[in-house]
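Listed below, chain by chain, are the residues.
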Amino acid sequence: MEDSIFTKIIKGEIPCHKVYEDDLTFVFMDIHPFTPGHVMVIPKKQIDKYWELPDEDFRAVNDTVKKVCKRIEEVLQPGRVGIKVIGIDVPHVHVHVFPFDNMAEYNRAPDMNAEPDHEALARMAEKLSF
């Protein structure tokens, strides 16, 4: 299987704004965020479908999602922290975790053609890193 863009990020072949990493998971800023503070939680193993993750990796991803939700809540103090497992764009399990205050923010579609604001992403990654 060809490496996904996320595998290339994990390997350091593509730059990212990293927030967290452990033996099984990796967290980085989404370059087209739903809201400021939107991160991606991914397993280090490239698996296409969430439910196909081996049990250890499934638990690790969900444990990391929980840690990231608590970190976003602590640092950014939003009304809620949302989670979406969409899995269409990249054949590598990824969980979107993001702060939001209302359903319009939760359902917001990012402008995928917009140039990423790397300065803002770097500042947010620094705030959220743990």
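All values derive from a computational prediction rather than experimental measurement.

> Explain the nonpolar core to me, please; I cannot follow it from the model alone.
Nonpolar side chains in soluble globular proteins generally cluster together in the buried interior. In this structure, V19, M29, V39, V41 and V97 are the most contacted members of the largest nonpolar core, which totals 20 residues. Those elements that provide at least two residues to this core are β1 (18–21), β2 (25–29), β3 (39–43), α2 (55–76), β5 (95–100) and α4 (118–128). A total of 5 residues in this core trace back to one element, the largest contributor, which is α2. Excluding anything up to four places from it in sequence, V39 contacts V19, V27, F28, M29, D30, V68, I72, V95, H96, V97 and L128.

> Just to check I follow, could you spell out the sheet that holds β2 for this structure?
Pairing between the strands of a sheet comes from backbone hydrogen bonds, and it takes one of two forms, parallel or antiparallel. Spatially, 5 strands are ordered β1-β2-β3-β5-β4 in an open sheet, and the strand pairing comes out antiparallel. One side of each edge strand has no neighbouring strand; the edge strands of this open sheet are β1 and β4 (80–84). In this sheet, adjacent strand axes meet at a mean angle of 20° when their direction is disregarded. Alignment of β2 against β3, held across 5 bridges, turns out to be antiparallel. Bridging from a neighbouring strand, F26 pairs with I42 of β3. Strands in contact with α2 are β1, β2, β3, β4 and β5; relative to β5, the strand with the most contacts, it is inclined by about 20°.

> How should the side chain of H17 be read in this particular structure?
Here H17 shows up in the loop between α1 (5–10) and β1. Contacts of H17, omitting those with residues within four sequence positions, involve F28, M29, H118, L121, A122 and A125.

> Got a minute to help me understand the packing of aromatic side chains in this structure?
The geometry of an aromatic ring pair is captured by the separation of the ring centres together with the interplanar angle, meaning the angle of the planes. What the rule picks out here adds up to 8 aromatic pairs. Arranged with centres 4.5 Å apart and planes meeting at 15°, the rings of Y20 and F130 form a pair that is stacked. Residue Y20 is located in strand β1, and its partner F130 is located in the segment after α4; the two are separated by 110 residues in the primary sequence. Take Y20: its relative accessible area is 11%, and that puts it in the buried class.

> Explain the side chain of H38 here, please?
Examined against the element boundaries, H38 turns out to sit in the loop between β2 and β3. Among the residues examined, H38 registers a relative accessible area of 0% and is labelled buried. From its side chain, H38 meets the backbone nitrogen of F34 in a polar contact 2.8 Å long. Once residues within four sequence positions are removed from consideration, H38 is found in contact with M29, D30, H32, P33, H96, V97, F98 and P99.

> Even after reading the chapter, I still don't get unusual backbone geometry, so can you show me in this structure?
Peptide bonds are, in most cases, trans, and in most cases residues other than glycine have a negative phi. A positive phi is found at Q77, a non-glycine position, where the angle reads about 50°. By the secondary structure assignment, Q77 is in the loop between α2 and β4. By relative accessible area, which is 64% here, Q77 ends up exposed.

> Looking at this structure, I do not really get the environment of F130. What am I missing?
You can call F130 partly exposed: its relative accessible area is 41%. Contact partners of F130, with chain neighbours within four places excluded, come to V19, Y20, K67, V68 and R71.

About the cut-offs
- Residues numbered from 1 in each chain as written.
- Predicted model: local features only at pLDDT ≥ 70, side-chain atom pairs only at ≥ 80, totals over all residues.
- Heavy atoms only, no water.
- Core = buried A, V, L, I, M, F, W, Y, C linked by side-chain atoms within 4.5 Å.
- Buried < 20%, exposed > 50% of the residue type's maximum accessible area, 1.4 Å probe, protein only.
- Helix = DSSP H or I, 4+ residues; strand = E, 2+ residues; numbered from the N terminus.
- Contact = heavy atoms within 4.5 Å.
- Pairing = 2+ DSSP bridges.
- Axes fitted to C-alpha atoms, helices over the stretch in contact; angles between N-to-C directions.
- Phe/Tyr/Trp six-rings, centres within 6.5 Å; stacked < 30°, edge-to-face > 60°.
- Polar contact = N/O pair within 3.5 Å; in protein donor to acceptor, adjacent residues only side chain to side chain.

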